[in-house]
Amino acid sequence: MLNPTAFARTAVAAALVTSLWAGVTTASAQTPPPPTLAKAQAGYVRMMLGDAEVTALSDGSVVLQSSILTGAKPEHVADLLKQAHQTGPLHTSVNAYLIKVGSKLVLVDAGAGSFFGPTLNKLQTSMKAAGYAPDQVTDIVITHLHADHVGGLVNGDAIQFPNATVHADKAELDHWLDAAKTEAAPKEAQGFFKMAQAALNPYVKAGKVKPFTGATEIVPGVRTQPTHGHTPGHSFYVLESQGQKLVFWGDLMHFEEVQFPEPEITVAFDVDSKAAKAQRLTAFADAAKQGYLVAPSHVTFPGIGHLRKQGNGYVWLPVRYVNDNY
């Protein structure tokens, strides 16, 4: 069992991570996108995977500072960013995904909701543009309970997806929803617990949360894959149809310009950075070797692509898409 303070091993570390995360809202609001940054309007991209329909949904973007990266010297990180023609704070995508398989409509993560300011909380708009309504969602699978993945479950105290069952790893629920662990955590880290509870508790009270343990089929064609490390119950979701495969990676990584070429670089948000790094190394190697599609939550929208091994790192190969209005 994880110690309640495993998220931040010292009060100093907790203060650092919390101050960085708390600064996301301010930084996102105050850091305008560079003039060269492409603008996305519709908020969704749709593709077929066998018989399953997959729709990438944008919840918007959030500004992340490269200072949250750990395990590498700042000047080395700066050099990697420079090689990718990126400097300063990065406008980082927050992606969610809809899977239509048979009679089920499955949402992978729910975005940030109103938790992190005006550059996020676009999920409902993107879903509407894609032709879907929240009451059509039958199941919501949560990669982990950080607020940028669960905040969109609610609007205040109101449930946003009234007909959906929320699925999450039992270890994840036990960690973030436990009142005793919340109180035992450093004060600076308690906000992470409280945001998770604000998003999940309305569903818990309504009997709409279904924990799972280990590899579990959620609906036909969609199963879980435990990848504990970034958080105590972090999980992938694997979609397979007609011999094709797409794995939704959640927060396996955060900085594509840095962690694809050097996957051993970690991030301050990891509960267990050693385990998170091991999961990333395993997942990258398997995706590159097997050739299936992956969908990380924070790779530039729509965030679906392949990996190719290159030297000691990897190259990201995003899927191509076309405008279907012609």
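Residues numbered from 1 in each chain as written. Predicted model: local features only at pLDDT ≥ 70, side-chain atom pairs only at ≥ 80, totals over all residues. Heavy atoms only, no water.

Draft legend 1. Molecular detail of the confidence of the model for the protein chain. For the protein chain, per-residue confidence averages 89 on the pLDDT scale, and 86% of positions sit at 70 or higher. Every residue in residues 25-29 scores below 50 in pLDDT, and together they form 10 contacts with partners more than four places removed in sequence or on other chains. (pLDDT = per-residue confidence, 0-100. Contact = heavy atoms within 4.5 Å.)

Draft legend 2. Looking closely at the pattern of salt bridges. This structure, assessed with the given rule, holds two salt bridges. One salt bridge in this structure joins Lys170 and Asp174, with 2.7 Å as the shortest N-O distance. With Lys170 and Asp174 both in helix H5 (residues 170-176) and four residues apart, this pair spans about one turn of that helix. For the salt bridge of Glu240 with Arg223, the shortest nitrogen-to-oxygen distance reads 3.4 Å. With Glu240 in strand E13 (residues 235-241) and Arg223 in strand E12 (residues 222-226), this residue pair connects regions lying 17 residues apart in the sequence. (Salt bridge = Lys/Arg side-chain N within 4 Å of Asp/Glu carboxyl O. Helix = DSSP H or I, 4+ residues; strand = E, 2+ residues; numbered from the N terminus.)

Draft legend 3. Main features of helix H7 (residues 190-205). Over its 16 residues, H7 extends 21 Å from the first C-alpha to the last, a length consistent with the 22 Å expected when each residue adds 1.5 Å. At Ala199, H7 shows its largest kink, close to 35°, and the proline Pro202 lies no more than four residues downstream. Within H7, burial applies to Gln190, Phe192, Phe193, Met195, Ala196, Gln197, Ala199, Leu200, Pro202 and Tyr203. Looking one or two residues past H7, Gly207 carries a phi angle of roughly 70°, positive in sign. (Expected span 1.5 Å × (residues − 1). Bend = angle between axes of the 7 residues up to and from the residue. Buried < 20%, exposed > 50% of the residue type's maximum accessible area, 1.4 Å probe, protein only.)

Draft legend 4. Main features of unusual backbone geometry. In this chain, Phe301 is followed by Pro302 through a cis amide linkage whose omega measures 5°. Residue placement: Pro302 occurs in the loop between strand E16 (293-296) and strand E17 (305-310). Residues other than glycine seldom take positive phi values, yet His85 does so here, at roughly 60°. Note on placement: His85 falls in the loop between helix H2 (74-83) and strand E4 (90-101). Look at His85 and you get exposed, because its relative accessible area is 73%. You will see that Asp109, though not glycine, has its phi angle at about 65°, which is positive. Tracing the chain through its elements places Asp109 in the loop between strand E5 (104-108) and helix H3 (123-129).

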